[in-house]
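Coordinates in review
Spelled out from the first residue to the last, the chains are:
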Amino acid sequence: LRYDGEELAIETVLRLQWHIDTELPKRCTSIELPSKKIDTNTAQLLSSIALQCRHLHTVDISNNQIRDEGAMTLAESMKLLSREINYLDISGNLLTERSAGQVAEAFLKQGSKGHSEPTLPREGAPVPLLDLSDNVLKDAGVQLVASHICSCV
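Described below are features of the structure shown in this document. (Residues numbered from 1 in each chain as written. Predicted model: local features only at pLDDT ≥ 70, side-chain atom pairs only at ≥ 80, totals over all residues. Heavy atoms only, no water.)

1. Quick look at the overall build of the protein chain
- A tally of helices and strands in the protein chain yields six helices and four strands.
- The proportion of buried residues among the 153 residues of the protein chain is 42%.
- Taking contacts inside the protein chain between residues at least 6 apart in sequence as the whole, the part at least 24 apart equals 87%.
- For the protein chain, the exposed area adds up to about 8,400 Å²; of that, 53% sits on carbon and sulfur atoms. (Helix = DSSP H or I, 4+ residues; strand = E, 2+ residues; numbered from the N terminus. Buried < 20%, exposed > 50% of the residue type's maximum accessible area, 1.4 Å probe, protein only. Contact = heavy atoms within 4.5 Å. Areas by Shrake-Rupley, 256 points an atom, 1.4 Å probe, with all protein chains shown as cover.)

Laid out in structure tokens, this is it:
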């Protein structure tokens, strides 16, 4: 799913949602919307669309303005997905420690459905990549993310 316009506003996503045919959830493997001025509300709507994509493995919504609320909605959606996202780039989205830990935990727990702790990827499976760079995590946010990563090893 890509959008060539400069800004992806909630109105555009709402129109898109009406045009999603029954085949899109079967075919959509990536959502690539970097630098589209996506705000919190639009990110929340995109999270609900992502839940419909059965083969989704890549999400790039870098350099937008989803903030903590949009990131936390994405984290909640990842917990409900029946498959694993291998690549999640939410860099440059004004995230703080408030959402960084939740996103890291949801992303890392994807491969451990039914387990309380995250696990390492299966042999031969792609190594997951989570990009949280260029946010405002501060030391507390980095420590939260690191603690979730350390619990995997």
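Next comes the rest of the write-up.
2. Re the sheet that holds strand S2 (residues 58-60)
- Here four strands make up an open sheet; going across it, the order is S1-S2-S3-S4 and the pairing parallel. Strands with a single pairing partner mark the edges of an open sheet, and in this sheet they are strand S1 (30-32) and strand S4 (129-131). Averaged over all neighbouring strand pairs, the angle between strand axes comes to 5 degrees, with direction disregarded.
- Pairing of S2 with strand S3 (residues 87-89) involves three bridges; the strand directions are parallel. Across the sheet, the residue bridging to Thr-58 is Tyr-87, located in S3. (Pairing = 2+ DSSP bridges. Axes fitted to C-alpha atoms, helices over the stretch in contact; angles between N-to-C directions.)

3. A short note on helix H3 (residues 40-50)
- Burial analysis of H3 places eight of its 11 residues in the buried class, which makes it a mostly covered element.
- Looking only at H3, the buried set comprises Thr-40, Thr-42, Ala-43, Leu-45, Leu-46, Ser-47, Ile-49 and Ala-50.
- Structurally, the start of H3 carries an N-cap: the backbone nitrogen of Asn-41 is 3.3 Å from a side-chain oxygen of Asp-39. (Polar contact = N/O pair within 3.5 Å; in protein donor to acceptor, adjacent residues only side chain to side chain.)

4. Some details on the state of the cysteines
- In total, this model carries zero disulfides according to the counting rule given.
- Just so you know, Cys-53 is unpaired, no disulfide at all, and the nearest cysteine sulfur is the one on Cys-28, 3.6 Å from it. (Disulfide = S-S within 2.5 Å.)

5. Looking at helix H4 (residues 67-80)
- Over its 14 residues, H4 extends 21 Å from the first C-alpha to the last, a length consistent with the 20 Å expected when each residue adds 1.5 Å.
- Residues of H4 that are buried: Asp-68, Gly-70, Ala-71, Met-72, Leu-74, Ala-75, Ser-77 and Met-78.
- In this fold, the buried residues of H4 make contact with H3, S3 and helix H5 (97-109). (Expected span 1.5 Å × (residues − 1).)

6. Side note on empty space enclosed by the protein
- One pass over the structure, following the stated rule, counts one cavity of 30 Å³ or more.
- For the largest cavity, the calculated volume is near 70 Å³.
- Lining of the largest cavity is provided by Ile-31, Ala-43, Leu-46, Ser-47, Ala-50, Val-59, Ile-61, Ile-66, Gly-70 and Leu-74.
- Every element with two or more residues in the lining of the largest cavity is listed here: H3 and H4.
- Sort the elements by how many residues they give to the lining of the largest cavity and H3 lands first, with four residues. (1 Å grid on protein atoms, 1.4 Å probe; cavity = no way out; pocket = protein on both sides within 12 Å on 5 of 7 lines; lining within 4 Å. Points joined across faces, edges and corners; volume = space filled by probe spheres on them.)

7. Describing the packing of H5 against helix H6 (residues 138-150)
- Following both chains from N to C, one finds H5 and H6 inclined at 15 degrees, their axes separated by 8 Å at the closest point. Judged by the inter-axis angle, H5 sits roughly parallel to H6. The hand of the H5/H6 crossing is right-handed. Seen from H5, the contacting residues are Glu-97, Ala-100, Gly-101, Ala-104, Glu-105 and Leu-108; seen from H6, they are Lys-138, Ala-140, Gly-141, Leu-144, Val-145, His-148 and Ile-149.
- Looking at the contact of H5 with H6, its residues break down into seven nonpolar, three polar and three charged. (Parallel < 35°, antiparallel > 145°, perpendicular 65-115°, else oblique. Left-handed = near helix turned anticlockwise from the far one by under 90°. Nonpolar A, V, L, I, M, F, W, Y, C, P; charged D, E, K, R; others polar.)

These results come straight from atomic positions and should not be treated as a statement about function.
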